[in-house]
Amino acid sequence: MSQTTRPGVPGAIPYPSDTARPRSPARNQGFLAFFLATRKRSIASLPLASIAQIFSAAAGAWALAWFALSSVSEEAAFCIGAGACVLTLLLGLRHARRELARANATAALARALLDANRECLKLIGPDGRMLRISEHGAEIMQASSPEQLAGANWLGFWSGDDARAARTAFDAAMSGSRASFVGACPTTAGVPKTWQSRLIPIDDGRGGVRDILCASLDVTQEAELAADLRAKELLMSEMEAHVGLCFYSYSADYSYFHHVSAGCASVFGIEAKVLRERPQAWVELVLPDDRPELLATMQRITQSKDGGRARYRIEHPVNGVRWIQSTGYPILDANGNVVRVVGISEDVTVEHERLAELDRLAFSDSLTGLANRGALVLKIEERCQRNAAFALMFIDLDRFKVLNDTLGHTAADRLLKSLSELIQAALPPDALLARLGGDEFAVLIDDAADKTRLARIAKDILAALARSGEPSRADAFVTASIGISVFPENGADHETLLTSADIAMYAAKKAGRNGFSFADANSTERIVDFKLERDLPAALANRQFLLHYQAIHEPRTLEVRSVEALIRWKHPTRGLVSPGVFIPILEESGFINEIGAWVMDEALRQLALWRHAGARSLGVSVNVSSRQLRDEAIVEVVNDALHRYELPASSLEVELTESALMENPARAQRTLSALKALGVRIAIDDFGTGYSSLRYLADFSPDTLKIDRSFVARLQDDRATQSIVGGIIQMARALGVSVTAEGVEQTVQLEFLRDAACDRVQGFLLSQPVAPEKVLGLSIAAPE
Ligand code: C2E
Ligand code: CA
Ligand code: CA
């Protein structure tokens, strides 16, 4: 067969195009026969039958020779010779049959072995050329037949490093040793394949090697997988080496690393090799303060079988103290046992410092650098949770607002800063000073068991501030008022404690300023008012106010002539709050004007709706507080609303308490006159509770007197009260003033009032205050 293969270019073998010829068992047999033929036979390997055959042939020949030379009878010699010949023939025939059967069996076995062999088998001569190739071998080499490859230079199939490996293995086999190597060589069709080849020398019987049997297994897939894996490993290790993170896989008991990436050198300053040998080396770098929490987190990860994270500091061998964040996730086996912990450790120092700076900014006062309100609140809550007594001082600089206005903002800010330093210097080392805003400071003092100590600290603060004043500048002299609350006596949360201290501070101010005062039980009670006051401004905007209406009846027919509007506050957390609680707060804070205007408008709007719905003669009474009377704007509000809702002024009655009229009679008089001029009716509420009731009758000439319910309550069993009430009604009648009795709760009261010719009655016996939609269900009097 012509051989045109160039070494190293196996693809250049001229292969016939027919590669799909069916495999014939005969060829495999031929290949085997070739192998069998190369075997040397020895006498010892001859079977017994052959020896018998040789022996009987020799006996036959000897008999014939002896017949010719000796004196044995002719017949006898002939018989012996012929017998030996027949025996020889018979034995020969039998042996030939057995030999044939054995050869057949060997060939069948060899064929089966060859068929079972998935390797490419070939016989290679000492010159490197293939003498033979197995049928399967030719097939996986994509050759059309074994003959196509016979004679090809096997050494020329390989190239590069593989060619060198093939040559080394070949030389080794030629020198009598088995050899193997892995290399790539394409099939005849040019498909690249990787082979694992074993070379077995076949000896020539003279201590030399005649040929080489080469068995090559196609390991292309395995090689690709391995290459893939190697590539991934390389990628991983390259990434791990450059991202500055430490990836790890720890044993479930943290006693050794399955894997730790090169990043540990930058994160911990420890080489991966060192960590593999001493898996606890990194823990030794963790600062002792941070170690317990870190170890607890590590334990939690394996026990709770949940991921975890720890942030801790290490003493980095090169970079000093660093913040490290480690995350760990447990890997579970099929039974749910933790088999290892995998995760990442990274240096988060920069991020940590940035957050710490943000924290510092969020929790410190920019002017003084002290803790701010947020920081103080956190500290208070922390101590509340610890449940150990501590004190809170609320410091408010006296008349600082005046100073601020006279000095100007910049100078005032400077002053505040220097005052904060003075206060700080006067405090014991364990105290925390915070600026709450403006001229308000607070001090948190642990260990508040000793009130004399607290008083001494307060005095020290006041003394320090007193020294601040420049004798030459009277305006720069600053004093303060201090309120002190103590946990848990004056509150169990930051809000109550701060408010208690605040109220105590007000008490100190009231007592003449430049002093201190401890919170007491009364001030704690007033906290409720404080909290409500804080919620009031938002209540109107959030539509938390509503009006209920209580009917005012004609005493005989009990028909409803008018309704009194009574405000209700639906507090988001405290439910319905009684006006008796919040009206005084509204009056104090001045909010009453705004809310009073809303009440007036809402009541008249509602009245217009009822009158449109049929209750044409219904009237409404609206309570107006003393503070509202001080401001003539109320007249405008009433006038606007009457016009807007197209109501006659007489349908509105304004109820004023005696105390309201008493506060500033002249002013009240002006407002009332203006209202009366509009045609609005005036009622004096809670009549009889004030001191100079009768005077009002003359001064304000009201349309109605509302006898206070404290009189009505005593009507049934107090003769004096009966006389007073009877007298009021008669006197009012004489003056042309209508009388309404409020707080009627019993029938006897109603009967007495009826007999005494009282004009109107109001009370729970007849109607409770109700929501506006229920008013039309009352028996309202028909228009007269
Ligand atoms: P007031 O003007 O004397 O209003 C009557 C109060 O007596 C109402 O209490 C009413 O529910 C209650 N009352 C009515 N009948 C009876 C009864 O038979 N027995 C008893 N024990 N009480 C009865 P409310 O609604 O709690 O109002 C309390 C006070 O709040 C009012 O006293 C009034 O001074 C003030 N107020 C209510 N609404 C307003 C408002 O819109 N503006 C102003 N400025 N004050 C208001
Ligand atoms: Ca009233
Ligand atoms: Ca009243």
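Residues numbered from 1 in each chain as written. Chains lettered and ligands numbered in written order. Predicted model: local features only at pLDDT ≥ 70, side-chain atom pairs only at ≥ 80, totals over all residues. Heavy atoms only, no water.

By the naming in an unreviewed UniProt entry, the protein chain is Diguanylate cyclase/phosphodiesterase with PAS/PAC sensor(S), taken from Caballeronia concitans.

A.B. asks: Can you tell me about the coordination of the calcium ion (ligand 3), naming the residues and giving the values?
C.D. replies: With distances of 2.1 to 2.7 Å, the protein atoms coordinating the calcium ion (ligand 3) are Asp685 (OD), Asp686 (OD), Glu742 (OE) and Glu742 (OE). We note that the donor set of the calcium ion (ligand 3) lies within a single chain, spaced as D-D-x55-E. In this structure, the calcium ion (ligand 3) lies 4.1 Å away from the calcium ion (ligand 2), the two metals sharing Asp685 as a donor. Within this pair, whereas Asp685 is found in strand S21 (residues 681-687), its partner Glu742 is found in the loop between strand S23 (738-741) and helix H27 (747-755), the two being separated by 57 residues in sequence. Given a relative accessible area of 6%, Asp685 falls into the buried group. Judged by relative accessible area, Glu742 falls into the buried class, the value being 7%. (Donors = N, O, S within 2.8 Å, 3.2 Å for Na, K, Ca; no water. Helix = DSSP H or I, 4+ residues; strand = E, 2+ residues; numbered from the N terminus. Buried < 20%, exposed > 50% of the residue type's maximum accessible area, 1.4 Å probe, protein only.)

A.B. asks: Just give me the short version of the nonpolar core, but keep the residues and values in it.
C.D. replies: Ranked by size, the top nonpolar core spans 73 residues in total, and within it Tyr549, Met600, Leu604, Val620, Leu652 and Leu661 carry the most contacts. Ranked by residues supplied to this core, first place goes to helix H19 (residues 592-612) with nine residues. Not counting chain neighbours up to four residues away, the residues in contact with Leu604 comprise Val620, Val638, Ala641, Leu642, Tyr645, Leu647 and Leu652. By size, the runner-up hydrophobic cluster in this structure holds 30 residues, among which are Leu370, Val443, Leu462 and Leu465. (Core = buried A, V, L, I, M, F, W, Y, C linked by side-chain atoms within 4.5 Å. Contact = heavy atoms within 4.5 Å.)

A.B. asks: Can you explain helix H18 (residues 579-589)? Please cite residues and give values.
C.D. replies: Along H18, the residues that are buried comprise Phe582, Ile585 and Leu586. Around the axis of H18, the buried residues are gathered within 100° of arc, so they sit on the same side. Facing away from the buried side of H18, by more than 90 degrees, are the exposed residues Gly580 and Glu588. For H18, the N-terminal capping position is held by Ser578, with its side-chain oxygen 3.1 Å away from the main-chain nitrogen of Gly580. Gly590 lies just past H18 and shows a positive phi near 85°. (Arc of directions from axis to C-beta. Polar contact = N/O pair within 3.5 Å; in protein donor to acceptor, adjacent residues only side chain to side chain.)

A.B. asks: Could you give an account of the packing of H19 against helix H21 (residues 633-644), with specific residues and numbers?
C.D. replies: Interhelical geometry of H19 versus H21 gives an angle of 20° and a closest axis separation of 9 Å. Compared by their axis directions, H19 and H21 come out roughly parallel. Seen from above, H19 lies across H21 with right-handed handedness. Contacts from Ala597, Met600, Asp601 and Leu604 in H19 reach Ile634, Val637, Val638, Ala641, Leu642 and Arg644 in H21. Among the residues making up the contact of H19 with H21, the classes are represented as eight nonpolar, no polar and two charged. (Axes fitted to C-alpha atoms, helices over the stretch in contact; angles between N-to-C directions. Parallel < 35°, antiparallel > 145°, perpendicular 65-115°, else oblique. Left-handed = near helix turned anticlockwise from the far one by under 90°. Nonpolar A, V, L, I, M, F, W, Y, C, P; charged D, E, K, R; others polar.)

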